[in-house]
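Topology and contacts: notes
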Amino acid sequence: MARKTLTLSLAAQQYYGHPSNQFWPLLSCALVGPLVQLPCPERLRRLAARRLGLWDVVRACERDGSLDAAIRNARHNNLEGLRALAPALRAVLFNGETSGRFAPRLAVQGFEVEILPSSSAAHAGRRFDQKLARWRPALARALG
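Attention in this report is confined to the structure presented alongside it. Computed from a predicted model, the values in this text were never measured in an experiment.

The next subject is the overall build of the protein chain. Each helix and strand in the protein chain was counted, giving 7 helices and 4 strands. Reading the protein chain from its N end, one meets helices and strands in the order α-α-α-β-β-α-β-α-α-β-α. Buried positions account for 31% of the 144 residues belonging to the protein chain. For the protein chain, the proportion of contacts with a sequence separation of at least 24, taken over those separated by at least 6, is 42%. Element-wise, carbon and sulfur atoms account for 56% of the exposed surface of the protein chain, whose accessible area totals about 8,800 Å².

Among the residues making up helix H3 (residues 40-49), those that are buried are Cys40, Arg43 and Leu47. Buried residues of H3, seen end-on, are gathered within an arc of 55° and therefore sit on one face of the element. Exposed and facing more than 90 degrees away from the buried side of H3 are Arg45 and Ala49. Once H3 finishes, arginine 51 follows within two positions and takes phi at roughly 65°, a positive value.

The next thing to look at is the nonpolar core. Membership of the largest hydrophobic core comes to 15 residues, with the highest contact counts inside it found for Trp24, Leu27, Leu31, Leu52, Trp135 and Leu139. Among the elements of the structure, helix H2 (23-32) and helix H7 (128-143) are those that each provide at least two residues to this core. Take this core: its biggest share by element is 6 residues, from H2. Counting residues in each nonpolar core, the second largest holds 10 residues, with Val92, Phe94, Ala103 and Phe111 among its members.

We now examine the pattern of salt bridges. Following the criterion strictly, the structure yields 5 salt bridges and no others. Arginine 141 serves as the salt-bridge partner of glutamate 114, at 2.9 Å between the closest nitrogen and oxygen. Note that glutamate 114 is positioned in strand S4 (residues 112-116) and arginine 141 in helix H7, a separation of 27 residues in sequence. One salt bridge connects arginine 127 with aspartate 129, and the closest N-O pair in it is separated by 3.1 Å. Residue aspartate 129 is classed as partly exposed on the basis of its relative accessible area, which comes to 45%. What you see here is one network of salt bridges that share partners, running through Glu42, Arg45 and Arg46.

To continue, consider H7. In this model, H7 (16 residues) spans 22 Å end to end at C-alpha, consistent with the 22 Å of a helix rising 1.5 Å per residue. The set of residues buried in H7 consists of Lys131, Leu132, Trp135, Ala138, Leu139, Ala142 and Leu143. All buried residues of H7 project into a common sector of 145° when viewed along the axis, lining one side. Every exposed residue of H7 that faces more than 90 degrees away from the buried side is listed here: Ala133 and Ala140.

Criteria and thresholds
- Residues numbered from 1 in each chain as written.
- Predicted model: local features only at pLDDT ≥ 70, side-chain atom pairs only at ≥ 80, totals over all residues.
- Heavy atoms only, no water.
- Helix = DSSP H or I, 4+ residues; strand = E, 2+ residues; numbered from the N terminus.
- Buried < 20%, exposed > 50% of the residue type's maximum accessible area, 1.4 Å probe, protein only.
- Contact = heavy atoms within 4.5 Å.
- Areas by Shrake-Rupley, 256 points an atom, 1.4 Å probe, with all protein chains shown as cover.
- Arc of directions from axis to C-beta.
- Core = buried A, V, L, I, M, F, W, Y, C linked by side-chain atoms within 4.5 Å.
- Salt bridge = Lys/Arg side-chain N within 4 Å of Asp/Glu carboxyl O.
- Expected span 1.5 Å × (residues − 1).

Printed below as a string of structure tokens:
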């Protein structure tokens, strides 16, 4: 039986907790000020204050390591019920192509959707400034 490893994000019990992931630096630069040094609950409070939510399309899965390609036996969140859960929600931004596969399921519900370059350090096809050039205007449109 293969040994399941716990990713740093899961071990820290926080979204994007791996220090090499660029999610929190991207959000900090794009719109909400310094977040990287804050504890996760305070980061989430600051997002909520800006009318931003953070939600994962995967509710549960098995995974060796932190790469999305390693996800097995995924159970997804109820995307069709998102409108009932968040009736004021207008736009959904996906962090990378893996979660972006679900964009059509939300677009048919009337959400504005956009797939952003992954914040993962494994997504080395773009530098931080190139990712930020896509994230900043997408967040501005979503909050419009």
